[in-house]
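# Overview (structure and organization)
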Amino acid sequence: MKRIVDKHPLAIRWFHWINFPVLAVMIWSGLLIYWANDVYKLGWGDTTLIKFFPQSFYDTQNIPSHLSRGMAFHFFFMWFFFLNGLLYVLYTLFSGEWRLLLPNRHSFREAWQVVLHDIRIRKAAPPHKKYNAAQRIAYSAIVVMGFGSVVTGLAIYRPVQFGWLCTLCGGYEVARIEHFVLTIGYVLFFMVHIVQVLLAGWNNFQAMVTGFETEDVKETISPPTEDNT
Amino acid sequence: MSSQQSQNRNSTDREIRKRTVVSFSVFGVGICLAIAAWLWLFRQPESADGIQPTLRKGLELNENLFSRIYSRKRQSKPYKKQDATSEVRVNGDAGMDGELDTTWRLKVVRSPGDTFLLTIDDIKALNKTEVVFDFKCVEGWNQVTWWGGVRFSDFLQKYNLAKQAGMKYVGMETPDGAYYVGVDMPSMLQPQTILCFEMNGAELPQEQGYPLRLIIPVKYGIKHIKRISVIYFSDRKPPDYWAERGYDYFAGL
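Residues numbered from 1 in each chain as written. Chains lettered and ligands numbered in written order. Predicted model: local features only at pLDDT ≥ 70, side-chain atom pairs only at ≥ 80, totals over all residues. Heavy atoms only, no water.

### So, the overall build of chain B
Each helix and strand counted, chain B has six helices and 10 strands in total. Compactness check: chain B gives a C-alpha radius of gyration of 27 Å against a globular reference of 18 Å for 253 residues, more than 25% above the reference. Across its three principal directions, the C-alpha atoms of chain B cover 105 × 45 × 35 Å. Taken across its 253 residues, chain B has 48% of its residues classed as buried. (Helix = DSSP H or I, 4+ residues; strand = E, 2+ residues; numbered from the N terminus. Rg over C-alpha atoms; globule rule 2.2 N^0.38 Å. Buried < 20%, exposed > 50% of the residue type's maximum accessible area, 1.4 Å probe, protein only.)

### Description of the environment of Leu86(A)
Mapped onto the elements of the fold, Leu86(A) is located in helix H3 (residues 67-95). C-alpha separation for the pair Leu86(A) and Ile137(A), spaced 51 residues apart in sequence, amounts to 19 Å.

### A few points about the interface of chain B and chain A
With 48 residues of chain B at the contact, the number on the chain A side is 44 residues. At the boundary of chain B with chain A, total buried surface from both sides reaches about 4,000 Å², with 66% on carbon and sulfur atoms. Among the residues of chain B in contact with chain A, Arg19(B), Phe66(B) and Leu253(B) are the three that bury the most area, contributing 14% of the side total. Put simply, chain B and chain A have one salt bridge between them. The tally of links from chain B across to chain A stands at seven residue pairs in polar contact (both at pLDDT 80 or more). Mapped onto the side of chain B that touches chain A, the elements with two or more residues apiece are helix H1 (3-42), helix H2 (53-68) and strand S3 (129-136) of chain B. Across the side of chain B that touches chain A, the residue classes tally to 23 nonpolar, 16 polar and nine charged. (Contact = heavy atoms within 4.5 Å. Buried area = accessible area lost by both parts, 1.4 Å probe. Salt bridge = Lys/Arg side-chain N within 4 Å of Asp/Glu carboxyl O. Polar contact = N/O pair within 3.5 Å; in protein donor to acceptor, adjacent residues only side chain to side chain. Nonpolar A, V, L, I, M, F, W, Y, C, P; charged D, E, K, R; others polar.)

### A short note on a nonpolar patch on the surface
Residue and element names in this part refer to chain A. A surface patch of nonpolar side chains, about 960 Å² in accessible area, is lined by Phe82, Leu83, Leu86, Leu87, Val89, Leu90, Leu93, Phe94, Trp98, Leu102 and Val150. Considering each element in turn, the nonpolar patch owes the most residues, eight residues, to H3. Along the polypeptide, Leu87 turns up in helix H3. (Patch = residues over 30% accessible without salt bridge, like charges linked within 9 Å, V, L, I, M, F, W, Y side chains within 5 Å. Areas by Shrake-Rupley, 256 points an atom, 1.4 Å probe, with all protein chains shown as cover.)

### Regarding the state of the cysteines
As enumerated under the stated definition, the model contains zero disulfides over all chains in all. Here Cys137(B) stays unpaired: no disulfide links it, and the sulfur of Cys166(A), its closest cysteine neighbor, is 16 Å away. This cysteine, Cys196(B), is not joined by any disulfide, and Cys137(B) carries the nearest cysteine sulfur, 17 Å off. (Disulfide = S-S within 2.5 Å.)

### A few points about H3(A)
Along an α-helix, residues three or four apart share an orientation, since each turn contains 3.6 residues. Residues and elements named next belong to chain A. If you check H3, its first and last C-alpha atoms are 41 Å apart, about what 29 residues at 1.5 Å a residue would give, namely 42 Å. Along its length, H3 reaches its greatest deviation from straightness, about 30°, at Phe77. In the stretch just after H3, Gly96 is the one whose phi turns positive, near 85°. (Expected span 1.5 Å × (residues − 1). Bend = angle between axes of the 7 residues up to and from the residue.)

### Looking at the packing of helix H1 (residues 10-34) of chain A against helix H8 (residues 172-200) of chain A
Residue and element names in this part refer to chain A. The contact between H1 and H8 brings their axes to 11 Å, and the two run at 135°. The angle between the axes of H1 and H8 places the two elements in the oblique class. For the crossing formed where H1 meets H8, the hand is left-handed. Together, His16, Phe20, Leu23, Ile27 and Tyr34 of H1 and Phe180, Thr183, Tyr186, Val187, Phe190 and His193 of H8 make up the contact between the two elements. (Axes fitted to C-alpha atoms, helices over the stretch in contact; angles between N-to-C directions. Parallel < 35°, antiparallel > 145°, perpendicular 65-115°, else oblique. Left-handed = near helix turned anticlockwise from the far one by under 90°.)

### Examining the domain arrangement of chain B
One frequent convention defines the size of an interface as the accessible area lost when the parts assemble. Partitioning chain B into domains gives domain 1 (1-43) and domain 2 (53-245). A separation of 59 Å is found between the C-alpha centroids of domain 1 of chain B and domain 2 of chain B. (Domains from an automatic or database assignment.)

### Focus on the packing of helix H6 (residues 133-157) of chain A against H8(A)
Residues and elements named next belong to chain A. Following both chains from N to C, one finds H6 and H8 inclined at 150°, their axes separated by 9 Å at the closest point. Taken together, H6 and H8 sit at an angle that is classed as roughly antiparallel. The two elements H6 and H8 cross, and the hand of that crossing is left-handed. Residues Ala138, Tyr139, Ile142, Met145, Gly146, Gly148, Ser149, Thr152, Gly153, Ala155 and Ile156 of H6 form the contact with H8, whose participating residues are Tyr172, Ala175, Arg176, Glu178, His179, Leu182, Gly185, Tyr186, Phe189 and His193. Of the residues that constitute the contact of H6 with H8, the class distribution is 11 nonpolar, eight polar and two charged.

Have a look at this one:
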């Protein structure tokens, strides 16, 4: 016999699935802007580890010059990204969901155990509620990153009117780099997220759409009480 | 198994099925709507100004909002002269074709049909203001540069253009009319906005817009028109070269 275990509130599912395409458009339009002056690279001294982006990428991808389009889309969709993120944070605060989300004093120790478990070194994962320790850290960090994108974005969007913010971010050029690095962070987050979702399986994935997971219970015992584990 | 348990099981299965079908239906409709909205937005024919009308409205909405919180008191961060680069980048040459006509005069249009002409010496006779600031290009690069000229607000005062200063926009053009900008009056009246005739303490070089260009640190480089020939005033947005090519009209920083 199966039973329903509620997992994700409706509001959080909406915020999640709205954020996905909106963030994708922000990254795409952000790249159109970046490509107008693609100077960032990773390295030291005269050594370049990675150039953003390698010449081969431009040669094969046939990157068009669409700075004006990039800006128009970026400064249109920024509102959806900002408002959706703001509503998500407010909902999380007022609904009490934050208790399941924020890392606690055990999280940073347990997160290692989760990682060791995920890469098949450790047999058992530490017990957890809705989110395990690694998820708590990752899902809280992504909110901080979103806040960082809005702040650094505003700093480079209006560096004179929000001069104090620009200074706070370390100046115009530094704020631009921070804005770019955060975007790289989203891409890395996304890749890990997708792998984890695939590994976790269908029951976990469909809960992000339906809001609940199903759980097998033994037939002979009376239905257990809800404990959301 | 008791019939009670059997009933529980059936009702739970029904509940699971019902909630799954409803959720995935809404999810599917949502995806379709999102795709439809995207195609609607992306496939809108670009209007004459090189951009989808909805996106232009978005830019205008931003312009409206950020004009409201704009303050003339906020300055582009000042730098020291020794911080200024000696290799000032030249990025655009629209409106700069050919040699400058030696009979160059600045034409100021008080109102349609009412104009007067100024020589560069007339302009140099006014109080000089120097501006060292971080020039920002819409492409993403920036440079600390050093300019000298006449505050636009001083210029208006000197030539009794108080009535014109009450209008909403200033329009400027190159002699051949190939490059032109429109700038909102509050930005033109900002104290760092100058009609510029010097760079790095020397005469403005040809490729930087000799004899007279606009330096307006509260705007992206696209508004810093070189080789100004005509200045006029309007309550409607004057035509703007890059705004006609898909860029934001406001282009404010």
